[in-house]
Amino acid sequence: MTTDTRAADAGRTGGIGVHPVAGHIGAELTGVDLAAGPDDAQIAAIRAAVLRWKVVFFRGQRLDHAGHVAFARRFGEPVVLRRRGGASPADVPEIETTADRLELGGRFGMDHEEWLNRRRHTLLRGWHCDHGARVDPPAATILRAETVPPYGGDTTWSNLAAAYAGLSAPVRAFADGLRAEHRLGVGYRMRPGDDAYVRHLMEHQIATVHPLVRVHPVTGERLLFVNGYYVEQIEGLSRAESAAVLDMLLEQAVRPEYTVRFRWEPGSVAFWDNRAVIHLAPGDNAHLGHPRVMHRVMLAGEVPVGVDGRPSQPVTGSEPGRW
């Protein structure tokens, strides 16, 4: 995704209204019908807004699965996952339906609540970028709401460029030279006896050493590449030192002033730069019993590169471009 991001400040560009909704991140875009097939000028305006505001929102859209994929293809190549849950449409392999998440615990002999509790080792664990343990995490995600609860179920995003810029100069310089291992299953608390999820991790582990500060391939911004979901250990530091540094940096990454929270409606669409944000799925709606059905398409991404020009290095389980 390449463009001059200055064109995406508040106002209209390409016939699209750009309405920022928070100080560092997030804009609502109006005046475009995604199902009708935006023209080239509108696509350029959307691309610029995503790069400038990191996540953009559309309301009242009438996309079906085919239209969702067609819109995504205007910005890159959709990822096709090897495995999806039963809620995803079998005939549209690019679409993953997030209701599938409710099936995950059952695959490993747990109900959904036990599954969450065994994986939630810190209060910030839910903050993540999509597929961050891969050597080439997706460049972007486009998420569409089909059915949402009458209240609750919001999603929150945080701007990793703003978080990096908000660090003091000595801490930025320290972080610039660090690399960390990202892997599946960080902090998981094993079940007594046989644990099917542990066996799954042994057989299907994905791990990569990423720079702690990655350089955005389009904007050149430095991004604080941390999250609560995948980051295991900073290379060259003791476990105690690594934990302390990661706690500090993750708290920085999700400071409220760097975030935006979105209230979903049926037909809402969020489009975010997965390289430049982490996000938090809702945790306030499961007990309400209201359905929440969302569909996402992810776009293939690049191998991250650090400030020193070194790319991420796979440890196990992923290769660039092979899903």
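Right, let's walk through the structure included here. (Residues numbered from 1 in each chain as written. Predicted model: local features only at pLDDT ≥ 70, side-chain atom pairs only at ≥ 80, totals over all residues. Heavy atoms only, no water.)

**A word on the sheet that holds strand S9 (residues 207-211)**
Turning to step 1, where the next piece is worked out: Reading across from one edge, S12-S8-S9-S17 is the order of the 4 strands in this open sheet, with antiparallel pairing throughout. The two strands at the open ends of the sheet, each matched to only one other strand, are strand S12 (231-234) and strand S17 (313-316). Neighbouring strand axes in the sheet, compared pairwise and without regard to direction, differ in orientation by 25° on average.
Turning to step 2, where the next piece is worked out: Sheet analysis places strand S8 (residues 179-183) next to S12, joined by 3 bridges and oriented antiparallel. Looking at the pairing, His182 lines up with Val231 of S12. (Pairing = 2+ DSSP bridges. Helix = DSSP H or I, 4+ residues; strand = E, 2+ residues; numbered from the N terminus. Axes fitted to C-alpha atoms, helices over the stretch in contact; angles between N-to-C directions.)

**Some details on the environment of Val32**
Turning to step 1, where the next piece is worked out: Inspection of the secondary structure assignment puts Val32 in the loop between strand S3 (27-30) and helix H1 (40-53).
Turning to step 2, where the next piece is worked out: Once the C-alpha coordinates of Val32 and Gly17 are considered, the two residues, 15 residues apart in sequence, prove to be 8.5 Å apart.
Turning to step 3, where the next piece is worked out: In this structure, Val32 is in contact with Ile16, Pro38, Gln42, Phe58 and Gln61, ignoring residues within four places of it in sequence. (Contact = heavy atoms within 4.5 Å.)

**Regarding the nonpolar core**
Turning to step 1, where the next piece is worked out: Judged by nonpolar contacts, the single largest core of 29 residues is most densely connected at Leu212, Leu224, Val226, Ile234, Leu249, Ala253 and Ile278.
Turning to step 2, where the next piece is worked out: In contact with Ala253, other than residues within four places in its own chain, are Ser158, Leu160, Ala163, Leu224, Val226, Tyr258 and Ile278.
Turning to step 3, where the next piece is worked out: Counting 27 residues, the second-largest nonpolar core is a separate cluster that includes Val18, Val32, Trp53 and Leu299. (Core = buried A, V, L, I, M, F, W, Y, C linked by side-chain atoms within 4.5 Å. Buried < 20%, exposed > 50% of the residue type's maximum accessible area, 1.4 Å probe, protein only.)

**Some points on the side chain of Arg134**
Turning to step 1, where the next piece is worked out: Mapped onto the secondary structure, Arg134 falls in the loop between helix H4 (112-119) and strand S6 (140-147).
Turning to step 2, where the next piece is worked out: In this structure the side chain of Arg134 is engaged in a polar contact, spanning 3.0 Å, whose partner is the backbone oxygen of Arg322.
Turning to step 3, where the next piece is worked out: Beyond its immediate sequence surroundings of up to four residues, Arg134 is in contact with Ile206, Thr208, His210, Ser318, Glu319, Gly321, Arg322 and Trp323. (Polar contact = N/O pair within 3.5 Å; in protein donor to acceptor, adjacent residues only side chain to side chain.)

**Here's the deal with the pairing of S8**
Turning to step 1, where the next piece is worked out: Extensive coverage of S8 is indicated by the burial of 4 of its 5 residues.
Turning to step 2, where the next piece is worked out: Two elements, S8 and S9, share 5 bridges in a ladder whose sense is antiparallel. Opposite Arg179, over in S9, you have Pro211 as the bridge partner.

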